[in-house]
Amino acid sequence: MTSAAVATMATPRASAEALLLIEAESGKVLYAENATYPWYPASITKLMTAYVVLHAVRQQRVTLDTLLPVSQFASVQKPAKMGLKPGQQVTVDNAIKMLMVRSANDIAVVIAEGIAGSVEKFSDEMNAAAQRLGMTQSSFVNPNGMPAEDQISSARDLAILARALLREFPEYD
């Protein structure tokens, strides 16, 4: 048996309902298994939240220094969260960092309310962005990925989103 065959046999196989491996630069699919299967995206939803807020910064609707207030609704989101109190404020820059590093559900709501005025309006922006990007199997109803019946995506759509983040906002990678 060759060393390549032994290495292949010893490599553990990923186990998931859907898998997609692409080349980030070209988008070329290297491996796919159920890539278009709709499923609940959970905290991966926060990638779309980041995409929408970075777009708002680029459009100069907000700056990285804009202060976002913490609402009562944001403060009662289930963990993972930062635990900020109603009335506190956080900059857009710090909010993005907390969102991506801590996967903070309360901060996702702070961002949504601060950018669009409400979770519902922010979700509309998320869905408009998904449509623009060609994410045909995605529907967003909240910015943090908390369980919601109509919140779905697919491995294919999330690959589209990840590529868009890398290509459109390389300064934030």
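Let us look at the structure shown here. (Residues numbered from 1 in each chain as written. Predicted model: local features only at pLDDT ≥ 70, side-chain atom pairs only at ≥ 80, totals over all residues. Heavy atoms only, no water.)

### Thoughts on unusual backbone geometry
Part 1 of the reasoning: At the junction of Pro79 and Ala80, the peptide bond is cis and its omega measures out at 10° in the coordinates.
Part 2 of the reasoning: Backbone geometry places Ala42, a non-glycine residue, at a positive phi of 50°.
Part 3 of the reasoning: Along the chain, Ala42 falls in the loop between strand 2 (29-33) and helix 2 (45-58).
Part 4 of the reasoning: Residue classification places Ala42 among the partly exposed positions, given a relative accessible area of 29%.
Part 5 of the reasoning: Phi angles above zero are rare outside glycine, and Ser103 is one such case at about 55°. (Helix = DSSP H or I, 4+ residues; strand = E, 2+ residues; numbered from the N terminus. Buried < 20%, exposed > 50% of the residue type's maximum accessible area, 1.4 Å probe, protein only.)

### Looking at the pairing of strand 2
Part 1 of the reasoning: Across four bridges, the pairing between strand 1 (residues 19-22) and strand 2 is antiparallel. Within strand 2, the residue paired with Leu19 across the bridge is Glu33.
Part 2 of the reasoning: Linking strand 1 to strand 2, which pair antiparallel, is a turn of six residues; within it Gly27 sits at a positive phi near 85°. (Pairing = 2+ DSSP bridges.)

### Some details on the packing of helix 2 against helix 7 (residues 155-168)
Part 1 of the reasoning: For the pair helix 2 and helix 7, interaxial distance at closest approach is 10 Å and the crossing angle is 30°. Between helix 2 and helix 7, the crossing angle belongs to the class labelled roughly parallel. Handedness of the helix 2/helix 7 crossing: left-handed. Note on element contacts: helix 7 touches helix 2 through Leu161, Ala164, Leu165 and Glu168, opposite Leu47, Met48, Tyr51, Leu54, His55 and Arg58.
Part 2 of the reasoning: Considering only residue class, the contact of helix 2 with helix 7 consists of seven nonpolar, one polar and two charged. (Axes fitted to C-alpha atoms, helices over the stretch in contact; angles between N-to-C directions. Parallel < 35°, antiparallel > 145°, perpendicular 65-115°, else oblique. Left-handed = near helix turned anticlockwise from the far one by under 90°. Contact = heavy atoms within 4.5 Å. Nonpolar A, V, L, I, M, F, W, Y, C, P; charged D, E, K, R; others polar.)

### Section: a nonpolar patch on the surface
Part 1 of the reasoning: On the surface, a nonpolar cluster with roughly 280 Å² of combined accessible area is contributed by Leu21, Leu30 and Tyr31.
Part 2 of the reasoning: Residue position: Tyr31 is located in strand 2.
Part 3 of the reasoning: With a relative accessible area of 35%, Tyr31 lands in the partly exposed category. (Patch = residues over 30% accessible without salt bridge, like charges linked within 9 Å, V, L, I, M, F, W, Y side chains within 5 Å. Areas by Shrake-Rupley, 256 points an atom, 1.4 Å probe, with all protein chains shown as cover. Salt bridge = Lys/Arg side-chain N within 4 Å of Asp/Glu carboxyl O.)

### Considering the packing of aromatic side chains
Part 1 of the reasoning: In the structure shown here, the tally under the stated rule is two aromatic pairs.
Part 2 of the reasoning: For the pair Tyr51 and Phe169, a centre-to-centre distance of 5.7 Å together with 80° between the ring planes defines the contact as edge-to-face. Highlighted residues: Tyr51 in helix 2 and Phe169 in the segment after helix 7, separated in sequence by 118 residues. Pair check on accessibility: Tyr51 and Phe169 agree, each one buried.
Part 3 of the reasoning: By the ring-pair criterion, three or more aromatic residues cluster together here, those being Tyr51, Phe169 and Tyr172. (Phe/Tyr/Trp six-rings, centres within 6.5 Å; stacked < 30°, edge-to-face > 60°.)

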